[in-house]
Amino acid sequence: MESAPNESQAEYGSFTTGGGDVVIYDRENPEAWLQSNYAVDIGATSERTSA
């Protein structure tokens, strides 16, 4: 089993702008990035059943 890459070897990086937005980018493709000022937690989901 391989160990997880350290931050300097990771394919993607991220930073927070002065305005509080988060930018996620591909270290090898400068045109591949996204920026957002909104985030949601990812966690367990519950299935709804119809009544």
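Everything that follows concerns the structure shown earlier in this document.
Thresholds applied
- Residues numbered from 1 in each chain as written.
- Predicted model: local features only at pLDDT ≥ 70, side-chain atom pairs only at ≥ 80, totals over all residues.
- Heavy atoms only, no water.
- Helix = DSSP H or I, 4+ residues; strand = E, 2+ residues; numbered from the N terminus.
- Polar contact = N/O pair within 3.5 Å; in protein donor to acceptor, adjacent residues only side chain to side chain.
- Phe/Tyr/Trp six-rings, centres within 6.5 Å; stacked < 30°, edge-to-face > 60°.
- Buried < 20%, exposed > 50% of the residue type's maximum accessible area, 1.4 Å probe, protein only.
- Pairing = 2+ DSSP bridges.
- Lys, Arg positive; Asp, Glu negative; His and termini not counted.
- Salt bridge = Lys/Arg side-chain N within 4 Å of Asp/Glu carboxyl O.
- Contact = heavy atoms within 4.5 Å.

Asks: So what's going on with the environment of arginine 27? Which residues, and what values?
Replies: Within the element layout of this structure, arginine 27 appears in the loop between strand S2 (22-26) and strand S3 (29-36). In the structure, arginine 27 is positioned 17 residues away from alanine 10 in sequence and 8.0 Å away in space, judged by C-alpha atoms. Side-chain polar atoms of arginine 27 contact the backbone oxygen of alanine 10, separated by 3.0 Å.

Asks: Report on the packing of aromatic side chains, specifying residues and quantitative values.
Replies: Following the criterion strictly, the structure yields one aromatic pair and no others. Consider the rings of phenylalanine 15 and tyrosine 25, whose centres lie 6.1 Å apart with planes at 50°: the pair is tilted. Placement of phenylalanine 15 in strand S1 (residues 12-16) and of tyrosine 25 in strand S2 is noted, with a sequence separation of 10 residues between them. On the accessibility criterion, phenylalanine 15 (42% relative accessible area) is partly exposed.

Asks: Break down the pairing of S3 for me, with residues and values.
Replies: Of the strand pairs in this sheet, S2 and S3 are connected by five bridges, and their pairing is antiparallel. The residue of S3 that forms the bridge with valine 22 is serine 36. Counted between consecutive antiparallel strands, the loop separating S2 from S3 contains two residues.

Asks: Please give an account of the side chain of aspartate 26 that cites residues and values.
Replies: Considering the arrangement of structural elements, one finds aspartate 26 in strand S2. Here aspartate 26 sits buried without a salt bridge, and the closest side chain of opposite charge, arginine 27, lies 7.7 Å off (N-O distance). Polar side-chain contacts of aspartate 26 include one of 2.8 Å to the backbone nitrogen of glutamate 28. Setting aside residues no more than four positions away along its own chain, aspartate 26 makes contact with Glu11, Tyr12 and Ala32.

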